[in-house]
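# Breakdown of the fold
Now for the letters of each chain:
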Amino acid sequence: MTLNTILDLIVEGTWDWDSATGTVIRSPSWYRMLGYPIGELLPDVFTWEKSIHCDDYARVMAHIEQYIKGEIDTYCIQYRCQKQDGSYLWIEDRAQAVSRNSEGVATRLIGAHHNIHAHKVIEQQLQQQTRLLEEGNQTLEKLLARKAEELELKNKQLEEQVATVEKLSQTDVLTQVANREKVNVEMVKEIARSERYNHPLSLMFIDINNFKFINDTHGHKVGDAVLVTLAKVIAANLRSIDCLARWGGDEFLIILPSSDIHQASDVAAKLNDVIANTHFSDNIELSCSFGVVEYQQNETVDDFFHRVDQAMYQDKEAS
């Protein structure tokens, strides 16, 4: 009780990551710092990684990997975390390994996030003021205010344009799920995450049986409607951390983070039942072939894809 009270009073947001369970325990002040109701977010590393600003992500991941592997002695890094309202907060993240395995790899970290936003804002303002003074600009305060307003507007417009273009470039036009380009990017990221935290990772390949017959018999418009409905059905039965993508034609790919082969096979069995009981256009009864594999240590992306492709064809030949 005393420890919980102390953690609640501490201004810094403390956290405790245990690789054995994959959980991250966070103090109430951590939630308050980022504007979330206490305990609202899942106690895992995904919650933390998703909050990191995209411009800081690679730098932070490289730093924590070095520390986990014992390549550096100190974990201390400054970066931006996204708050519940969408804004970003500068924090200083410090941690210490309280246990390591026989190979020197950290298996448990305890750390704290310290709010340094005010300091960072002042630092950036001073840097900008210095540049303006060096350039001989007059009426510094008015100029700063005008420039800040213009920059904020331009940044907002640019972010909206970038977000729109990025979404269009990574979304399948017909089914509105991720496309091949997007899933390739996510696969590289998830493999790195699996290696970093020693989490299981599985991949599922789904192919519609006799889809050509559906197109030839009912027409491509009906075939397209079947693909759209199937994508919605699959998406509705996946977790938020799973990534569903249309691989091409009548093929779909699903990345299943933190899922071993048994858990992924259970998901495939569930999807198979749901699809069999779904009403598609023109009373079409649909069946699919499934391939499921679990990531193997140091496996390449191409080899991972090849194995799941082979697993799917074995299932198709057996049916």
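Coordinates for the structure precede this section.
So, here's what we can say about the structure. Because the structure is predicted, anything quoted here is derived from the model rather than measured. (Residues numbered from 1 in each chain as written. Predicted model: local features only at pLDDT ≥ 70, side-chain atom pairs only at ≥ 80, totals over all residues. Heavy atoms only, no water.)

## Looking at the pairing of strand E2 (residues 23-26)
Along E2, the buried face is formed by Val24 and Arg26; none of Thr23 and Ile25, which line the opposite face, is buried. Two strands pair when backbone bridges link them, and strand E1 (residues 13-18) and E2 are joined in this way by 4 bridges, in the antiparallel orientation. Residue pairing for E2: aspartate 16 is matched across the bridge by isoleucine 25. (Buried < 20%, exposed > 50% of the residue type's maximum accessible area, 1.4 Å probe, protein only. Helix = DSSP H or I, 4+ residues; strand = E, 2+ residues; numbered from the N terminus. Pairing = 2+ DSSP bridges.)

## Some points on the pattern of salt bridges
With the rule as written, the count across this model stands at 16 salt bridges. The partner of aspartate 16 in a salt bridge is arginine 108, with the nearest N and O atoms 2.5 Å apart. Linking aspartate 16 in strand E1 with arginine 108 in strand E5 (residues 106-115), this pair joins segments that are 92 residues apart in sequence. Of the residues examined, arginine 108 reaches a relative accessible area of 33% and is grouped as partly exposed. The shortest N-O distance in the salt bridge between arginine 246 and aspartate 172 comes to 3.4 Å. Highlighted residues: arginine 246 in strand E7 (residues 243-248) and aspartate 172 in the loop between helix H6 (140-169) and helix H7 (180-197), separated in sequence by 74 residues. Under the relative-accessibility criterion, aspartate 172 is labelled buried at 12%. Each of the salt bridges in this network shares a partner with another, and the network as a whole consists of Glu49, Glu65, Glu190, Arg193 and Arg196. (Salt bridge = Lys/Arg side-chain N within 4 Å of Asp/Glu carboxyl O.)

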